[in-house]
Amino acid sequence: MGTRPLLNRRLAGMGTTIFAEMSALATATGSINLGQGFPDTDGPASVAQAAADAVLNGRGNQYPPGPGIPELRTAIAEHQQRFYGLSYDPDTEVLVTAGATEAIAAAMFALLEPGDEVIAFEPFYDSYAACIAMAGATRVPLTLRPPSFRPDLDALRAAITPRTRLLLLNTPHNPTGMVLTPEELATIAELACEHDLLVVTDEVYEHLVFHTGHHPIAALPGMRERTVSISSAGKTFSFTGWKVGWVTAAPELVAAVRTAKQYLTYVSAGPFQYAVAEALRLPDSYFADFRADLLRKRDLLADGLSSAGFQVFEPAGTYFITTDITPLGEKDGIEFCRSLPARCGVVAIPNAVFYDDTEAGRSLVRFTFCKQEAVLNEAVERLSKLRAR
Ligand code: PMP
Ligand code: GLN
């Protein structure tokens, strides 16, 4: 095989995702897994039943249509109308994907040329860096800093060059829990219009904004024709294993993303698409209860982590809490997370892996609170022993 590395240079150094590493560590050590964001209770039984019925009744067991089944595309369009007053044509402006992950990948592959620059706020979700790299483009990170993790919009303005093609947004933001305000979104939208940039916006936590409501940038003036909005059933309905995601955008953008998507998976999750169509039509009370339940859990874990000695940055959205471990006499989140299972039987995620400027995230560690209250209480109990030593 010679001396040439097997892994191509675009993926060099990307190794195993932190989620795989830490979930494997949780399993191997029997630790409480507050690392990878997946709920420990499944979503609504009626939705699970709809998936089972679809399988047994032969709906979606063979390849579904490339853009997604019409029932789901219609339900997605209705959802955008119902929650945000955004109107999308289910036939030309909606695309079903294998989770938000495939939507992000297909958008990057479809919309970028080698050498294009993509501006994204770091820390960023790990697949962004990989997909931008696989597209041969260059990422331009703008660092969000504690305690507020608010974006520096002057830095954004200054980072735009003639090579900038696309802004990659994520609100509510994983891992910080920061939610872009309407004013910030308006400034970002103005910049996008002024410089004729595309915007790809990852809104998978759209139903996990605790107090301020979710504001899609696609609703702002001039944005509909330049924005690819991405979401997923995984977070909102607590079925992360189903991997049903979607894109809503203007017809030319959907057509471009679909072109890339059809050569990634072509299609996926046939029967689950029927179930997600039903889930999207659940009454408002479902969405309100989901949010209220996670708000309670956020407060429970935030209080517990504070008492255990962590500096806690309260998230406005998502089901993650970012903390600083410095008050515990710790400096390095990666070392801390690797040793945590042995020290106290808890798994967390080091935020440093989501930064290019790793120093900026070195002492930050993320915990998820999408777990049963008893599990969160037990985790807090275990973590409170750290300081005593
Ligand atoms: N984007 C963000 C910000 C996420 O946190 C996740 C969750 N895993 C994804 C995308 C991927 O979503 P999916 O599981 O639907 O592919
Ligand atoms: N989005 C989830 C998280 O941030 C993990 C998804 C994954 O494992 N890729 O925890």
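Right above here is the structure, for reference.
Below is a short write-up of the structure.

With that settled, the discussion passes to the overall build of the chain. Helices and strands together make up the secondary structure of the chain, namely 14 helices and 13 strands. For 389 residues, the compact-globule estimate of 2.2 N^0.38 gives 21 Å, and the C-alpha radius of gyration of the chain, at 21 Å, lies within 12% of that figure. Counting only C-alpha atoms, the chain reaches 60 × 55 × 50 Å along its principal axes. Each of the 389 residues in the chain was classed as buried or not, and the buried ones make up 56%. Taking the intrachain contacts of the chain between residues at least 6 apart in sequence as the baseline, contacts between residues at least 24 apart amount to 76%. Carbon and sulfur atoms make up 52% of the accessible area of the chain, which totals about 16,000 Å².

Moving on, we get to the sheet that holds strand 13 (residues 364-368). The four strands are arranged 9-10-13-12 in an open sheet whose pairing can be described as antiparallel. Single-partner strands in this sheet number two, and they are strand 9 (311-313) and strand 12 (349-350). Judged from the five bridges that link them, strand 10 (residues 320-324) and strand 13 form a sheet pairing that is antiparallel. Considered in strand 13, the bridge of Ile 321 is made with Phe 367. Against the sheet, helix 11 (residues 284-307) touches strand 9, strand 10 and strand 13, its axis set at about 15° to strand 10.

The environment of ligand 1 is made up of 13 residues, and the closest members are Thr 101, Asp 202, Tyr 205, Ser 232 and Lys 235. Thr 101 is positioned such that a nitrogen or oxygen atom in its side chain is 2.6 Å from an oxygen atom of ligand 1. The side chain of Lys 243 places a nitrogen or oxygen atom 2.7 Å from an oxygen atom of ligand 1. Across the complex, the protein chains shield 92% of the 390 Å² of accessible surface that ligand 1 would expose by itself. With respect to the detected pockets, ligand 1 is housed in the largest pocket. It is helix 4 (residues 99-111) that contributes the most residues to the shell around ligand 1, four residues altogether. Here the shell around ligand 1 is built from residues that sort into five nonpolar, five polar and three charged.

On to the pattern of salt bridges, then. Opposite charge on two side chains lets them pair, provided their charged atoms get close. Inspection of every chain in the model, using the stated rule, returns 20 salt bridges. Overlapping salt bridges bring together Asp 293, Arg 296, Lys 297 and Glu 373 as one network.

Another point: the sheet that holds strand 7 (residues 227-232). Strand order across the open sheet formed by seven strands is 2-8-7-6-5-3-4, with mixed pairing between neighbours. Bordering the open sheet on either side are strand 2 (94-98) and strand 4 (138-143), each of which pairs with just one other strand. On average, each strand axis in the sheet is tilted by 25° relative to the strand beside it, whichever way the strands run. Where strand 2 lies against strand 8 (residues 244-248), five bridges are found, and the strand directions are antiparallel. Of the residues in strand 8, the one forming a bridge with Leu 95 is Val 247.

Okay, the side chain of Glu 203 next. Relative to the assigned elements, Glu 203 resides in the loop between strand 6 (198-202) and strand 7. The buried charged residue Glu 203 lacks any salt bridge, with Arg 224 as its nearest oppositely charged partner at 13 Å. If we ignore the near neighbours within four places in the chain, the residues touching Glu 203 are Thr 171, His 214, Pro 216, Ile 217, Ile 230 and Ser 231.

Axis separation between helix 1 (residues 18-29) and helix 12 (residues 333-344) bottoms out at 10 Å; the angle between their running directions is 15°. In terms of orientation, helix 1 and helix 12 fall into the roughly parallel class. Crossing of helix 1 against helix 12: the hand is right-handed. Contacts from Glu 21, Met 22, Leu 25 and Thr 29 of helix 1 reach helix 12 at Cys 337, Arg 338 and Pro 341.

Every residue near ligand 2 is listed here: Phe 19, Gln 36, Gly 37, Tyr 125, Asn 174, Tyr 205, Lys 235, Phe 320 and Arg 366. Here an oxygen atom of ligand 2 sits 2.6 Å away from a polar atom, N or O, in the main chain of Gly 37. Relative to its free-state accessible area of 300 Å², ligand 2 is covered by the protein chains to the extent of 80%. More than half of the atoms of ligand 2 fall within 2 Å of the grid points belonging to the largest pocket. Residue classes in the shell around ligand 2 are distributed as four nonpolar, three polar and two charged.

Criteria and thresholds
Residues numbered from 1 in each chain as written. Chains lettered and ligands numbered in written order. Predicted model: local features only at pLDDT ≥ 70, side-chain atom pairs only at ≥ 80, totals over all residues. Heavy atoms only, no water. Helix = DSSP H or I, 4+ residues; strand = E, 2+ residues; numbered from the N terminus. Rg over C-alpha atoms; globule rule 2.2 N^0.38 Å. Buried < 20%, exposed > 50% of the residue type's maximum accessible area, 1.4 Å probe, protein only. Contact = heavy atoms within 4.5 Å. Areas by Shrake-Rupley, 256 points an atom, 1.4 Å probe, with all protein chains shown as cover. Pairing = 2+ DSSP bridges. Axes fitted to C-alpha atoms, helices over the stretch in contact; angles between N-to-C directions. Near = heavy atom within 4 Å. Polar contact = N/O pair within 3.5 Å; in protein donor to acceptor, adjacent residues only side chain to side chain. 1 Å grid on protein atoms, 1.4 Å probe; cavity = no way out; pocket = protein on both sides within 12 Å on 5 of 7 lines; lining within 4 Å. Sits in = over half its atoms within 2 Å of the grid points. Nonpolar A, V, L, I, M, F, W, Y, C, P; charged D, E, K, R; others polar. Salt bridge = Lys/Arg side-chain N within 4 Å of Asp/Glu carboxyl O. Lys, Arg positive; Asp, Glu negative; His and termini not counted. Parallel < 35°, antiparallel > 145°, perpendicular 65-115°, else oblique. Left-handed = near helix turned anticlockwise from the far one by under 90°.

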